[in-house]
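# Tertiary structure, described
For reference, the chains in residue letters:
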Amino acid sequence: MMANRSMLELKGISKAFGAIVVASDIDLTLSRGEALGVIGPNGAGKSTLFNLITGMLRPDRGRIILEGEDITQMPPEARCRAGLGRSFQIPLPFTHLTVFENLSVAALFGAQVSEAEAVQLCGEILSLTGLETKANVLAGSLPLLDRKRLELARALATRPRILLLDEIAGGLTDAECHLLVETIREIRKGGVAIIWIEHVVHALLAVVDGLIALDFGKIATQGAPADVMRSKEVQAIYMGVPA
Amino acid sequence: MMLDRPQHLPLVADPAPANTVWRATSETRLSRVARIAGLAALAGLILLPAIAPRTLLQDLFFVFTILTLAQLWNVLAGWGGLVSVGQQAFVGLGAYVLFAAIGLGSLDPVSSIAIAAVATAIIAALIGPLLFRLEGPYFAIGSWVAAESLRLVCAQFKSLGGGTGMSLQSSVYSSLPGLKSVQNLFGVRPAIARDIVLYWIALAIVVVVMLAIYRFVKSRHGLALAASRDNDRAAGSVGVRTDRIRFALWVAVAGMTGAIGALAYLQKARISPDAAFSVTDWTAYVLFVVIIGGVRTIEGPVVGVMILWGLIFYLSQYGSLYLLVLGVIAILVMLFMPKGIWGAASHRWNVQLFPTQRRLFRNAYH
Ligand SMILES: Nc1ncnc2c1ncn2[C@@H]1O[C@H](COP(=O)(O)OP(=O)(O)O)[C@@H](O)[C@H]1O
Ligand SMILES: [Mg+2]
């Protein structure tokens with residue numbers, strides 16, 4: 001391994017759907033074990049950024065480098081096996097499989113552990129994410145909040161080295177939100193780097209080391225969380241105050 | 001309280017092998033009973049030719065071939081989401097390859113069935129990439145168009161009878177394995193001995209195919225297939241190569257469908273493009289069986305094929321009217337029991353003879 005501490009690097013990533021620019025020359029570096037928060041208004045291009053990182057979308061320009069390796073052309077399933085795990089903002093459970101089976105697929109094909117290991121891994125994650133009692137329930141019958149938990153749990157079951165979380169705290173009670181923050185802190189202790197898109201800013205700030213504000217597909221500002229929150233760019237985005 | 005307090009998380013270090021807090025199984029007490037009952041039924045079916053009249057063996061030959069096709073379509077469409085209405089293409093191809101291998105290549109029937117399976121799988125592998133560009137209903141339509149095209153191609157081969165078809169010489173059957181022994185053992189004419197041997201071959205194929213499908217859907221690859229069907233993007237995001245697993249399924253199912261086509265027309269001894277590529281005989285029946293029995297279960301097609309057999313038995317005297325009756329029944333079942341007859345019963349009484357779901361349990365001593 002090189003001395004380079006960066007785990008993930010985006011270099012000049014751009015993407016447009018017709019006339020709509022959803023990513024514009026984005027440079028981003030995620031260091032080993034770092035937790036990065038992403039904020040920005042709806043339609044800013046946050047989820048699109050995850051689709052670009054995980055290979056569900058191909059950028060028009062730019063490169064994506066994972067631990068020194070250029071993965072710009074790699075298909076999503078290979079990126080998962082290379083250590084990129086993600087949750088979807090709108091949950092996409094495997095509806096005809098049970099919750100446990102949802103995780104099993106991720107453990108067997110993403111983490112690529114043996115059948116016996118997968119059972120233990122999935123069991124641990126189900127209990128960590130509060131889904132243990134629903135293990136044998138069909139994922140299609142879960143209410144929305146449990147589907148969101150399942151998104152986190154299934155991403156964890158791929159045993160990611162980089163975890164991409166897309167708006168998982170919305171709709172939680174204060175107590176649940178507090179537990180979620182605890183859980184994510186616990187995940188970080190294992191050395192997992194995180195990029196977390198979140199509108200629930202107080203939860204985000206309780207976890208992240210750095211913050212990025214996206215607007216119209218551009219990085220409006222980035223840096224230490226407190227500085228970013230105070231910046232005139234973020235004030236402008238959220239309060240409509242001209243920058 | 002919705003979230004447990006975080007315990008330790010084995011995300012980085014491998015969990016110790018001795019650490020078996022959890023266990024997973026798909027077995028139940030009932031499924032073990034069903035396995036024994038299944039073995040007993042199989043033994044009965046193997047011995048049946050000793051007492052059964054010839055017509056029953058011929059009926060059961062039909063039941064086994066349709067059941068095999070139904071199980072194959074069930075795994076393809078039910079588990080894999082590849083809703084093909086063109087599987088008659090592979091029945092017809094398999095049948096034609098068998099006639100070519102026997103008629104032109106002078107091969108024995110059993111090797112010809114194997115060759116039919118391989119050839120059909122190869123052709124499926126060639127047309128698969130084209131069909132896979134189509135999604136949902138377009139895939140179904142594409143599969144049907146492909147079947148019609150292959151029928152027209154087969155009708156071009158003058159040496160195989162062209163559009164009118166051809167027959168097999170009865171001498172072909174003399175090289176069926178075990179024919180002489182059956183004649184001597186049961187003291188029957190060669191024509192009856194042939195039916196007995198073909199019955200056993202059909203029985204062997206249906207049993208092997210059902211066991212293979214049952215094992216597959218319970219395996220990790222079966223899980224990956226079901227995940228790909230439920231959500232392709234999400235399956236990719238957790239590391240599943242969705243295209244590859246669908247393609248492998250498509251090719252394997254086509255190959256086995258070709259083997260059944262070959263066997264069915266070996267028994268009929270006469271082939272024509274219209275019959276071998278018949279959408280009624282080889283797809284409508286099969287869909288009927290799966291849909292009224294219950295999609296995505298092993299038991300469903302078994303129930304479905306028994307119902308089909310009964311209906312054909314009682315309704316065949318009314319001519320083509322019975323197709324109408326089949327259609328009406330299929331529509332009623334789809335409306336009132338969308339999971340099929342077995343699916344509804346299984347749901348209502350919570351019974352599964354061949355469970356496929358993996359269930360997770362916490363070991364009691366933890
Ligand atoms: N596949 C797509 N085709 C066309 N437009 C898209 C597609 N995906 C996203 N968009 C558009 O890109 C913009 C950014 O979307 P998104 O990344 O989901 O925003 P965010 O997650 O920040 O709310 C939106 O205007 C959305 O309508
Ligand atoms: Mg979004």
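As the structure is a prediction and not an experimental result, all values here were calculated from the model.

Take the overall build of chain B next. Helix and strand counts for chain B come out as 15 helices and four strands. The C-alpha radius of gyration computed for chain B amounts to 23 Å, which stays within 12% of the reference 21 Å derived for 366 residues, consistent with globular compactness. Along the three orthogonal principal directions, the C-alpha set of chain B runs to about 75 × 45 × 40 Å. When burial is assessed residue by residue, chain B has 49% of its 366 residues classed as buried. Intrachain contacts of chain B at a sequence separation of at least 6 include 76% that bridge at least 24 residues. As presented, chain B carries roughly 17400 Å² of accessible surface, and 66% of it is formed by carbon and sulfur atoms. Of the charged side chains in chain B, 28 are positive and 14 negative; the average position of the first set lies 5 Å away from that of the second.

Residue and element names in this part refer to chain A. Near ligand 1 the following residues occur: Phe17, Val22, Pro41, Asn42, Gly43, Ala44, Gly45, Lys46, Ser47 and Thr48. Gly45 places a polar main-chain atom, nitrogen or oxygen, 3.0 Å from an oxygen atom of ligand 1. Contact distances for ligand 1 include 2.8 Å between an oxygen atom and a backbone N or O atom of Lys46. Here ligand 1 has 560 Å² of accessible area as a free molecule, and 59% of this is covered by the chains. Broken down by element, the shell around ligand 1 gets its largest block of residues, three residues, from helix α1 (residues 46–54). When the residues that make up the shell around ligand 1 are grouped by side-chain class, the tally is four nonpolar, five polar and one charged.

Only Ser47(A) (OG) and Gln89(A) (OE1) from the protein coordinate the magnesium ion (ligand 2), and they sit 2.1 Å from it. Of this pair, Ser47(A) sits in helix α1 while Gln89(A) sits in the loop between β6 (84–86) and α3 (99–110), and the two are 42 residues apart along the sequence.

Two measures define how a pair of helices packs: the angle their axes make with one another and the distance between the axes. All names here are of chain B. Interaxial distance between helix α4 (residues 109–131) and helix α10 (residues 242–268) falls to 7 Å at its minimum, and their mutual angle equals 140°. Considering the angle they form, α4 stands oblique to α10. As α4 runs across α10, the sense of the crossing is right-handed. From α4, Pro109, Ile113, Ala116, Ala117, Thr120, Ala121, Ala124, Ala125, Gly128, Pro129 and Leu131 reach across to α10, where they touch Phe247, Trp250, Val251, Ala254, Gly255, Gly258, Ala259, Ala262, Leu263 and Leu266. Residue classes in the contact of α4 with α10 are distributed as 17 nonpolar, four polar and no charged.

Attention shifts here to the interface of chain B and chain A. Contacts between the two partners involve 46 residues from chain B, matched on the other side by 54 residues from chain A. Here chain B packs against chain A, burying approximately 4700 Å² in sum over the two surfaces, 60% of which is carbon and sulfur. At the boundary of chain B and chain A, one finds two salt bridges. Put simply, Arg362(B) and Glu132(A) hold a salt bridge, and the shortest N to O gap is 2.7 Å. Inspection of the region where chain B meets chain A yields 13 residue pairs in polar contact (both at pLDDT 80 or more). Contributing elements (two or more residues each) for the side of chain B that touches chain A: β1 (22–25), α8 (220–230), α9 (232–237) and β4 (359–362) of chain B.

Residue and element names in this part refer to chain B. Averaged over chain B, the pLDDT score is 91; the fraction of residues at 70 or greater is 94%. Contacts of residues 1–10 to residues separated by more than four positions or lying in other chains number 35 contacts, the stretch itself having pLDDT below 50. Confidence over residues 12–17 falls short of pLDDT 50; this stretch has seven contacts with residues more than four positions distant or in other chains. Reported confidence for the predicted complex is 0.93 by ipTM and 0.92 by pTM.

We describe a pair of aromatic rings using the distance from one ring centre to the other and the angle between the two ring planes. Residues and elements named next belong to chain B. By the definition in use, this model includes twelve aromatic pairs over all chains. Centre to centre, the rings of Phe132 and Phe247 are 6.5 Å apart; their planes meet at 85°, and the pair counts as edge-to-face. Of the two residues, Phe132 is situated in the loop between α4 and α5 (137–155) and Phe247 in helix α10; the sequence distance between them amounts to 115 residues. Take Phe132: its relative accessible area is 25%, and that puts it in the partly exposed class. Given the relative accessible area of 30%, Phe247 is considered partly exposed. Taking the centre distance of 5.9 Å and the plane angle of 70° together, the rings of Phe139 and Trp250 count as edge-to-face. Linking Phe139 in helix α5 with Trp250 in helix α10, this pair joins segments that are 111 residues apart in sequence.

Here we take up helix α3 (residues 88–103) of chain B. Here α3(B) contains 16 residues, and its C-alpha end-to-end distance of 22 Å stays within 8% of the 22 Å for a straight helix at 1.5 Å per residue. Most of α3(B) sits out of view: 14 of its 16 residues are buried.

If you trace the backbone, Glu101(A) turns up in helix α3. For the buried Glu101(A), no salt bridge is present, and the opposite-charge side chain at shortest range is Arg358(B), 5.3 Å distant. Glu101(A) has contacts with Leu223(B), Thr356(B), Gln357(B) and Arg358(B), leaving out every residue within four places of it along the chain.

Looking now at the side chain of Ser87(A). Residues and elements named next belong to chain A. Mapped onto the secondary structure, Ser87 falls in the loop between β6 and α3. Since its relative accessible area comes to 0%, Ser87 is described here as buried. At 3.0 Å, the side chain of Ser87 forms a polar contact with the backbone nitrogen of Asp166. Setting aside residues up to four positions removed in sequence, Ser87 forms contacts with Glu151, Leu152, Ala155, Leu164, Leu165, Asp166 and Ile168.

Residue and element names in this part refer to chain B. Position of Trp200 relative to the elements: it lies in helix α7 (residues 190–218). Overall, the relative accessible area of 28% leaves Trp200 in the partly exposed class. Remark: the alpha-carbon pair of Trp200 and Leu168, spanning 32 residues in sequence, is separated by 20 Å.

Let us now look at the pattern of salt bridges. Residues and elements named next belong to chain B. Evaluated as defined, the whole model comprises 20 salt bridges over all chains. Residue Glu148 pairs with Arg151 through a salt bridge whose shortest N-O separation is 2.9 Å. Here Arg151 and Glu148 lie together in helix α5, a separation of three residues that amounts to about one turn.

What holds strands together in a sheet is hydrogen bonding between their backbones, with the strands either parallel or antiparallel. Residues and elements named next belong to chain A. Reading across from one edge, β6-β7-β8-β3-β9-β10 is the order of the six strands in this open sheet, with mixed pairing throughout. Both edges of this open sheet fall to β6 and β10 (218–223), since each of them pairs with a single strand only. For this sheet the average axis-to-axis angle between neighbouring strands, irrespective of direction, equals 20°. Across the sheet, α1 touches β3 (35–39), β6, β7 (162–166), β8 (193–197) and β9 (210–215), and the angle it forms with β7 is around 150°. Strands β6 and β7 of the sheet are contacted by helix α5 (residues 144–157), whose axis makes an angle of about 165° with β7.

Residue and element names in this part refer to chain B. Each assigned domain of chain B is listed here: domain 1 (56–277) and domain 2 (278–349). Between the C-alpha centres of domain 1 and domain 2 the distance comes to 20 Å. In this assembly, 30 residues from domain 1 lie in contact with 21 residues from domain 2. Where domain 1 abuts domain 2, roughly 2200 Å² becomes buried across the two surfaces, and 77% of that area is made up of carbon and sulfur atoms. Taken together, the links from domain 1 to domain 2 amount to zero salt bridges. In this assembly, domain 1 and domain 2 are joined by eleven residue pairs in polar contact (both at pLDDT 80 or more). Where the side of domain 1 that touches domain 2 is concerned, the elements lending two or more residues are α2 (54–79), α3, α7, α10 and α11 (273–276). A per-element tally of the side of domain 1 that touches domain 2 places α2 first, with 14 residues. Classifying every residue of the side of domain 1 that touches domain 2 gives 21 nonpolar, five polar and four charged.

Cut-offs applied
Residues numbered from 1 in each chain as written. Chains lettered and ligands numbered in written order. Predicted model: local features only at pLDDT ≥ 70, side-chain atom pairs only at ≥ 80, totals over all residues. Heavy atoms only, no water. Helix = DSSP H or I, 4+ residues; strand = E, 2+ residues; numbered from the N terminus. Rg over C-alpha atoms; globule rule 2.2 N^0.38 Å. Buried < 20%, exposed > 50% of the residue type's maximum accessible area, 1.4 Å probe, protein only. Contact = heavy atoms within 4.5 Å. Areas by Shrake-Rupley, 256 points an atom, 1.4 Å probe, with all protein chains shown as cover. Lys, Arg positive; Asp, Glu negative; His and termini not counted. Charge placed at Lys NZ, Arg CZ, Asp CG, Glu CD. Near = heavy atom within 4 Å. Polar contact = N/O pair within 3.5 Å; in protein donor to acceptor, adjacent residues only side chain to side chain. Nonpolar A, V, L, I, M, F, W, Y, C, P; charged D, E, K, R; others polar. Donors = N, O, S within 2.8 Å, 3.2 Å for Na, K, Ca; no water. Axes fitted to C-alpha atoms, helices over the stretch in contact; angles between N-to-C directions. Parallel < 35°, antiparallel > 145°, perpendicular 65-115°, else oblique. Left-handed = near helix turned anticlockwise from the far one by under 90°. Buried area = accessible area lost by both parts, 1.4 Å probe. Salt bridge = Lys/Arg side-chain N within 4 Å of Asp/Glu carboxyl O. pLDDT = per-residue confidence, 0-100. Phe/Tyr/Trp six-rings, centres within 6.5 Å; stacked < 30°, edge-to-face > 60°. Expected span 1.5 Å × (residues − 1). Pairing = 2+ DSSP bridges. Domains from an automatic or database assignment.

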